[in-house]
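Inside the fold
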Amino acid sequence: AQSVAQPEDQVNVAEGNPLTVKCTYSVSGNPYLFWYVQYPNRGLQFLLKYITGDNLVKGSYGFEAEFNKSQTSFHLKKPSALVSDSALYFCAVSAMDTGRRALTFGSGTRLQVQP
Amino acid sequence: GAVVSQHPSWVICKSGTSVKIECRSLDFQATTMFWYRQFPKQSLMLMATSNEGSKATYEQGVEKDKFLINHASLTLSTLTVTSAHPEDSSFYICSANRGRNTEAFFGQGTRLTVV
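Residues numbered from 1 in each chain as written. Chains lettered and ligands numbered in written order. Predicted model: local features only at pLDDT ≥ 70, side-chain atom pairs only at ≥ 80, totals over all residues. Heavy atoms only, no water.

Let us now look at the environment of L74 of chain B. Residues and elements named next belong to chain B. Among the structural elements, L74 can be located in the loop between β7 (67–73) and β8 (76–81). According to the relative accessible area criterion, L74 is partly exposed, its value standing at 27%. With 46 residues separating them along the chain, L74 and F28 place their C-alpha atoms 8.4 Å apart. Excluding residues that lie within four positions of it along the chain, L74 makes contacts with S25, F28, Q29, A30, T31 and E52. (Helix = DSSP H or I, 4+ residues; strand = E, 2+ residues; numbered from the N terminus. Buried < 20%, exposed > 50% of the residue type's maximum accessible area, 1.4 Å probe, protein only. Contact = heavy atoms within 4.5 Å.)

Let us look at the pattern of salt bridges. All names here are of chain B. Taken as a whole, this structure holds six salt bridges over all chains when the rule is applied. Between D27 and R98 there is a salt bridge; the shortest N-O distance is 3.8 Å. With D27 in the loop between β3 (19–25) and β4 (32–38) and R98 in the loop between β9 (90–97) and β10 (104–106), the pair connects residues that are 71 residues apart, well separated along the chain. In this structure D27 comes out as partly exposed when scored by relative accessible area, which is 40%. On the basis of relative accessibility, which here comes to 43%, the residue R98 falls in the partly exposed class. (Salt bridge = Lys/Arg side-chain N within 4 Å of Asp/Glu carboxyl O.)

So this is what it looks like as C-alpha cells:
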C-alpha cells in the first residue's frame, strides 16, 4: 500500500519570504511524486513532478521540490512567496512501474501568504 | 498542455434521482481515467479506475451499483450517481494521463448537492 503524509494542515508565511510545504511518502517500488494546487471549487493544477533524474525538480510559478530518497520526502519550496500563492496544496504519489497510475494524495496543506 | 474537461461544474438534484457527470480528454486519448471524491476540507479519495472498453475497477468500499462508470470511447468517461441521497453530496473530480509516466490532468470538478 502507498501513502502520503502532509504533517501541516496550514502554513502561514509573509509575502516575500521563502516557503516550505512538507511531504513524506511510502510506496513499494520506485516513487513517482507530484505536487498539485487547488483553488476553491476547482480541480487540481499540476505544479511539478519527480519521475527520475535530478533530485531537485523545478515546476510552475517558481515552485521547486527536492526528492530525498533516504528521508522519503518531497518537500515543496519557493524562494519568495506571493499572496496569489495562497491555496490548498496536495502532494501525491503513484507507483507507475507497478502498473498503478492512480494517485494517492496527502491530506493537503493550506498555504496562507500574508501581505 | 493536455486538457481534461468535466461537466457539469455543479448540479443540484432531488433525493432518489440519478445524475451523470462527464469527463472528456480534449486533446489526447485516454484508455484509462480516474474518478475521485473529495469531501469538504479533506483530500481526494480514489473511487474507481475507468477503463475504455471494459469494466471499471472500483476501490474497496465504493458501491459499483451506486456509482456507474462507463468509458465508451477513448475521450469520454461518465460517472452516474444512481438514486442519489444527501450523503452522496460531494465534489467529484476526474483525471487522465496523456501517456505512461506522465502527470495526471484533472477536470474542473463537479459539485453535487442532493436535496
